[in-house]
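Breakdown of the fold
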Amino acid sequence: MVNAKSRSMGQETFRRLLKNKGAVCGMVFLVLLVLISIAAGFVYNYDTDIIAINMSQALQPPNANHWFGTDALGRDIFARMLYGARYSLIIGVGSVAIGLVIGVTLGAIAGFYGGFVDQMIMRTVDVFYSIPNIMIAVVIVSLLGTSTMNLLIALCFTCATSFTRIARASVMTIRDQEFVEAAYEIGLPTWKIILKHILPNCLSPIIVQVTLLIGTTIIAASSLSFLGIGVPLPAPEWGAMLSEGRQHIRDAAYMCIIPGLAIMFTVLALNLLGDGLRDALDPKMKR
Amino acid sequence: MENSSILKVKDLVVHYETDDGCVNAVNGLTFDVGVKKTLGLVGETGAGKTTSALSILNLIPGPAGKIKQGEILLDGHDILKMNQSELEKMRGNDVAMIFQDPMTALNPVMTVGEQIAQVFELHQKASKREAFAEAKKMLKMVGIAESRANDYPHQFSGGMRQRVVIAIALACNPKLLLADEPTTALDVTIQAQVLELMSNLIHDRSMSMILITHDLGVVAEICDDVAVMYAGRIVEIGSAGEVFNETAHPYTEGLFNSLPNLKQQGEELVPIKGMMPDPSNLPSGCAFHPRCPYATENCAKEQPGLRHVGGNHFVACDAYNDAAFTLGGGVN
């Protein structure tokens, strides 16, 4: 018996999301990007196609053999772009996921218990918030050394602080609702109440923040790679490729334009999806 | 009488210690609930009814709320001396609660089936599947089609939601049900249905109930005993017949006078003059004396204790020191 009324919240949200053209475009782009980054691993060999130097082919503008041209070391930019998508995605998704777990846990504790615990957690978060993201990441990467994993750890701090704030605010509003009191009265222990009754009600703002933060994190990761402290060379990270293209911006501008556009479109797609989700999850937008 | 009570509350004192002073919500509450009996707890907003109910579950909202003294014996076990895991075992299993507003008492992102099922999972260690099957049975019992177990609370009307709340409360066959104004948020026809459902289920399952309400009509309909609360104390307690027919306390009389009466149609209602006292600043002596039409000088000095006036009927009023006292003379 499926009628217009009995749809779960997930189905309802997805249905409304499909009505938003921007969000659909963003979603399609991201799905393609994920597929491409997976496929690139099968199509290309990292050692021969991605990082092998071939000076005879250096600095060719886009042509039939090399759709996006080649860089100063003769590597095919098209292959490197496709392969590089996985760095951006892994770093973006990975650090947001770690940040999500840490941030929501801390935020839920702070919001639920309040008082001294809340003060301790939130003032620590404030300290991190008051330092620019890139600065924190630079410090952490220089302490731990440059590697993809360390970059991921460096960036998850920023994500965690932002999730802590959002989770705390939502938990504080849900905490005092009557159904939480009702959950106590049937004898549920506190941790189960937080996990089963409070957090599921805080999901909407957190989901939106996830999509938006992945975009921000991808930009941050690219910026750090551009500065030379992100994904170590010769890996084809988009930010690093942009940085390499900088020296040839007058004679081979495509070396900068292509990774730049890729970063821009990925972040744009994530933001469109995030905006769409925010509208779709907002009960006031329901028709 | 002594042996047949499921719940004994003795001299319960609950205070909320706020920055603006101490709120004396419950001040020396003593009452019994008999096995298979329904006690109606009646009083104005702020009389301490809900606080009393929450203390029976030891769920006074901290850190401000504190149970200062007293004993709450459920089947002989003192709830106030239980540790956390004993309390969690007791809640929902031995004592369950029904809330005033079914609109907010259900989790909006969980299906009603899951919400009923979690009680079975918790207290009877049932598997997910068994618990859900039990939940469907409970839904059927409260008059909701089993197929709706997968629906969310927003897909139900207010009366239906209150039925779901009742199903959750009755899931584990508690010995005692606390119903905190269960029908206040519902319209009159639904009120009657829900009350009938509740009293039928309670009789079928031999449960006791404390019904908190300010609706004397509801009390007359389903309660065996009635306790009238004022400013955190019981001012009159007895069987429903005694309290309704031989009203003894001036406050109870005031409550009845402020209800429309079929026999005196067209006459103006007589409200109780004045306001409920501020619980953080209660008047001396009998808390009702500033509003009482019979008040004497002595009323402001001493807090009257409960006095036996026949049968199971007790009243906390000094006027009954004078054997010839009857109500009615002081009402204008």
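Because the structure is predicted, anything quoted here is derived from the model rather than measured.

Focus: the overall build of chain A
Looking only at helices and strands, one finds twelve helices and zero strands in chain A. Reading chain A from its N terminus to its C terminus gives the helix and strand order α-α-α-α-α-α-α-α-α-α-α-α. For chain A, the C-alpha atoms occupy an extent of roughly 75 × 50 × 30 Å along the three principal directions. Contacts spanning at least 24 positions in sequence make up 71% of the contacts within chain A whose residues lie at least 6 apart. Of the accessible surface of chain A, which amounts to about 14100 Å², a share of 70% is contributed by carbon and sulfur atoms. Placing the 21 positive and 17 negative side-chain charges of chain A at their respective mean positions leaves the two points 7 Å apart.

Here we look at the pattern of salt bridges
Counted under the stated rule, the structure contains 21 salt bridges over all chains. Its salt-bridge partner being Lys68(B), residue Glu17(B) comes within 2.7 Å of it at the nearest N-O pair. Within this pair, whereas Glu17(B) is found in strand β1 (residues 5–18), its partner Lys68(B) is found in strand β4 (residues 65–74), the two being separated by 51 residues in sequence. What makes Glu17(B) partly exposed here is its relative accessible area of 34%. By relative accessible area, which is 43% here, Lys68(B) ends up partly exposed. Through salt bridges with shared partners, a single ionic network connects Asp71(A), Arg75(A), Arg80(A) and Glu244(A).

Remarks on the sheet that holds strand β2 (residues 21–34) of chain B
Residue and element names in this part refer to chain B. With antiparallel pairing, the four strands of this open sheet are ordered in space as β2-β1-β4-β5. Sheet topology places β2 and β5 (77–78) at the edges, where each strand pairs with a single neighbour. Pairing of β1 with β2 involves eleven bridges; the strand directions are antiparallel. If you follow Thr18 over to β2, its bridge partner there is Gly21.

A look at the confidence of the model for chain A
Here chain A averages 86 in pLDDT, and 95% of its residues register 70 or above. Looking across chain A, the model is least confident in helix α3 (residues 46–50) of chain A, with a mean pLDDT of 78, and most confident in helix α5 (residues 115–130) of chain A, with 92.

A few points about the interface of chain B and chain A
Facing the 26 residues of chain B at the interface are 22 residues of chain A. The largest contributions to the chain B side of the interface with chain A come from Phe99(B), Gln118(B) and Leu122(B), which together make up 24% of the buried area. Across the chain B-chain A interface, the total number found is zero salt bridges. At the junction of chain B and chain A, the tally comes to seven residue pairs in polar contact (both at pLDDT 80 or more). Elements with a minimum of two residues in the side of chain B that touches chain A: β6 (95–98) and α3 (112–123) of chain B.

Overview of the pairing of β1(B)
On a regular strand, one side chain projects to one face of the sheet and the next to the other, so that they alternate. All names here are of chain B. Judged by how many residues are buried, β1 sits mostly within the fold: ten of 14 residues are covered. Hairpin connection of β1 to β2: two residues between the antiparallel strands. Inspection of the sheet shows β1 paired to β4 by eight bridges, in the antiparallel sense. Bridged to Val14 within β4 is Ile67.

Brief notes about helix α7 (residues 148–175) of chain A
Over its 28 residues, α7(A) runs 39 Å from end to end, which matches the ideal 40 Å to within 8%, given 1.5 Å per residue. Along its length, α7(A) reaches its greatest deviation from straightness, about 25°, at Cys156(A).

Notes on helix α2 (residues 21–43) of chain A
The terminal C-alpha atoms of α2(A) lie 32 Å apart, and with 23 residues this matches the ideal 33 Å at 1.5 Å per residue to within 8%. Capping the start of α2(A) is the job of one residue whose side-chain oxygen sits 3.1 Å from the backbone nitrogen of Gly22(A): Asn20(A).

What about the environment of Leu7(B)?
Residue and element names in this part refer to chain B. The topology assignment puts Leu7 in strand β1. For the pair Leu7 and Gly34, spaced 27 residues apart in sequence, the C-alpha to C-alpha distance is 7.1 Å. If we skip the residues at most four places from it in the chain, Leu7 touches Phe31, Asp32, Val33, Ile56, Ile72, Leu73, Leu74, Leu176 and Ile210.

Cut-offs used in this document
- Residues numbered from 1 in each chain as written.
- Chains lettered and ligands numbered in written order.
- Predicted model: local features only at pLDDT ≥ 70, side-chain atom pairs only at ≥ 80, totals over all residues.
- Heavy atoms only, no water.
- Helix = DSSP H or I, 4+ residues; strand = E, 2+ residues; numbered from the N terminus.
- Contact = heavy atoms within 4.5 Å.
- Areas by Shrake-Rupley, 256 points an atom, 1.4 Å probe, with all protein chains shown as cover.
- Lys, Arg positive; Asp, Glu negative; His and termini not counted.
- Charge placed at Lys NZ, Arg CZ, Asp CG, Glu CD.
- Salt bridge = Lys/Arg side-chain N within 4 Å of Asp/Glu carboxyl O.
- Buried < 20%, exposed > 50% of the residue type's maximum accessible area, 1.4 Å probe, protein only.
- Pairing = 2+ DSSP bridges.
- pLDDT = per-residue confidence, 0-100.
- Buried area = accessible area lost by both parts, 1.4 Å probe.
- Polar contact = N/O pair within 3.5 Å; in protein donor to acceptor, adjacent residues only side chain to side chain.
- Expected span 1.5 Å × (residues − 1).
- Bend = angle between axes of the 7 residues up to and from the residue.

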